[in-house]
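As a plain string of letters, each chain reads:
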Amino acid sequence: MTEYGSFPGARPRRLRTTPTMRRMVAETRLHPADLILPAFVREGIDEPVAISAMPGVYQHTLDTLRKAAVEAVEAGISGIMLFGVPEEAKKDAAGTAGTDPDGILQVALRAVREEVGDDLIVMSDLCLDEFTDHGHCGVLDSEGRVDNDATLERYAEMAQVQADAGAHVVGPSGMMDGQVGVIRDALDGIGREDVSILAYTVKYSSAFFGPFREAVGSSLKGDRKTYQQDPANSREALRELALDLAEGADMVMVKPAGPYLDILADVARHTDVPVAAYQISGEYAMVEAAAEKGWIDREKAILETLTGIKRAGAQMTLTYWAVEAARMLR
């Protein structure tokens, strides 16, 4: 006994007694509006193509992409991020299919905007890797290195055609120095001050991108370590953040999400613009594979990973479970 009564006097378990009590005192709440669906659209197919390393995820036709966008609206999520997969014969060293107004990504942007209008924020991956025959995120110099400044010229053109095709938001993911500023100038130069930039501010050279390579039909040989960030570094992320904000980023993102929750929390503490995180293909595949083996409860694991990402500071999460998770939450 103590002067305060029975020991222990403080009993945190009192606030865990029932589901209703736990819900009432929850510090972090997931909502469908937090979620954004990444989606792949492939040129030259008549039916969706399953991605073997990502069960339940497909390369869409234009028709099935339209349906996926409608489902996203009905589920109450906020956005869709489009990735184009061109026919192999259309890839070249400069990624010209990525800036062709009639290229697959621009056609898909127009189709989705036609289908859902402003009911869904239509985002576009702004990068050359899907469209180059070498698979890198930029053009190469005479020695086979990614040429930063020459690539920026391509990004400027890409931003303009994506805006013209209907993107509400462009997402430059190539990690070129100066990309946000060049894209902002390019958009403003054609009177598209209304188009937002979701900067891939922090993008690590990660082993967890593996299944994505299949999803976009990547032609990459080698790696992207000269432009994506080293997983060993953290302070560098805040430097990238400061640069992107100075160049005019409207929103910033950390990618991958799960292995970099510490980085996500740091970024969220150091900015007043909206912060996103991308739960990438390898994160998705691990949960799906473990669930298939019966080793984890799939639905609980999905919501737990998404809760952790939000708790770390993400206001928006790109996840391949976006529609399914939204339905669970509703």
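The structure reproduced in this document is the subject of the present report. (Residues numbered from 1 in each chain as written. Predicted model: local features only at pLDDT ≥ 70, side-chain atom pairs only at ≥ 80, totals over all residues. Heavy atoms only, no water.)

Burial of strand β6 (residues 169-172) is two-sided: the residues Val169 and Gly171 facing one way and the residues Val170 and Pro172 facing the other way are all buried. Across four bridges, strand β5 (residues 121-126) lies against β6 in parallel orientation. Of the residues in β6, the one forming a bridge with Leu126 is Pro172. Note that the unit made of β5, helix α4 (residues 148-165) and β6 has a crossover that is right-handed. In terms of strand pairing, β6 meets strand β7 (residues 196-203) through two bridges, oriented parallel. The residue bridging Val169 from the neighbouring strand is Ser196, located in β7. Taking the sense of rotation as the criterion, the β-α-β connection linking β6, helix α5 (residues 179-189) and β7 turns out right-handed. (Buried < 20%, exposed > 50% of the residue type's maximum accessible area, 1.4 Å probe, protein only. Helix = DSSP H or I, 4+ residues; strand = E, 2+ residues; numbered from the N terminus. Pairing = 2+ DSSP bridges. Right-handed = clockwise from strand over helix to strand, strands pointing away.)

Judged by nonpolar contacts, the single largest core of 94 residues is most densely connected at Ile77, Ile80, Leu82, Tyr155 and Tyr278. Contact partners of Ile77, with chain neighbours within four places excluded, come to Pro32, Leu35, Leu37, Ala72, Leu120, Ala322, Val323 and Ala326. (Core = buried A, V, L, I, M, F, W, Y, C linked by side-chain atoms within 4.5 Å. Contact = heavy atoms within 4.5 Å.)

A grouping of Leu15, Met24 and Val25 is seen on the molecular surface, where their side chains present a nonpolar patch of about 280 Å² in accessible area. Counting through the fold element by element, Leu15 comes out in the segment before α1 (19-24). Since its relative accessible area comes to 46%, Leu15 is described here as partly exposed. (Patch = residues over 30% accessible without salt bridge, like charges linked within 9 Å, V, L, I, M, F, W, Y side chains within 5 Å. Areas by Shrake-Rupley, 256 points an atom, 1.4 Å probe, with all protein chains shown as cover. Salt bridge = Lys/Arg side-chain N within 4 Å of Asp/Glu carboxyl O.)

Summed over all chains, the structure comprises 17 salt bridges. Notably, a salt bridge pairs Asp188 with Arg184, separated by 3.1 Å at the nearest N-O pair. In this pair, Asp188 and Arg184 both sit in helix α5, four residues apart, roughly one turn of the helix. On the basis of relative accessible area, Asp188 is assigned to the partly exposed category, the value being 31%.

Once that is clear, we can look at helix α3 (residues 104-116). With 13 residues, α3 extends 18 Å between its outermost C-alpha atoms, agreeing within 8% with the 18 Å of an ideal straight helix rising 1.5 Å per residue. Buried within α3 are the following residues: Ile104, Leu105, Gln106, Ala108, Leu109, Ala111, Val112 and Val116. Buried-residue contacts for α3 involve β1 (35-42), α2 (62-75), β4 (79-85), β5 and α4. Positive phi appears at Gly117, one or two residues downstream of α3, with a value of about 60 degrees. (Expected span 1.5 Å × (residues − 1).)

So, on to the packing of aromatic side chains. A complete count under the given rule lists six aromatic pairs for this structure. A ring pair is formed by Tyr284 and Tyr320, whose centres lie 5.8 Å apart and whose planes are at 75 degrees; its orientation type is edge-to-face. With Tyr284 in helix α9 (residues 281-292) and Tyr320 in the loop between β10 (316-318) and α11 (322-329), this residue pair connects regions lying 36 residues apart in the sequence. For the pair formed by Tyr284 and Tyr320, the shared burial category is buried. Ring plane angle 35 degrees and centroid distance 4.7 Å describe the contact between Tyr284 and Trp321, whose orientation is recorded as tilted. With Tyr284 in helix α9 and Trp321 in the loop between β10 and α11, this pair connects stretches of sequence that are 37 residues apart. Residue classification places Trp321 among the buried residues on the basis of a relative accessible area of 1%. (Phe/Tyr/Trp six-rings, centres within 6.5 Å; stacked < 30°, edge-to-face > 60°.)

Spanning 12 residues, α9 covers 16 Å between terminal C-alpha atoms, matching the ideal 16 Å at 1.5 Å per step. Along α9, nine of the 12 residues are buried, which leaves the element largely enclosed by surrounding structure. Taken together, the buried positions of α9 are Ser281, Gly282, Glu283, Tyr284, Ala285, Val287, Glu288, Ala290 and Ala291. Directly after α9, the chain includes Gly294, whose backbone phi takes a positive value near 80 degrees.

The N-to-C vectors of α3 and α4 enclose an angle of 30 degrees; their axes lie 8 Å apart at closest approach. Taken together, the axes of α3 and α4 are roughly parallel relative to one another. Taking contact as the criterion, the partners of Leu105, Gln106, Leu109 and Arg110 in α3 are, on α4, Val161, Gln162 and Ala165. (Axes fitted to C-alpha atoms, helices over the stretch in contact; angles between N-to-C directions. Parallel < 35°, antiparallel > 145°, perpendicular 65-115°, else oblique.)

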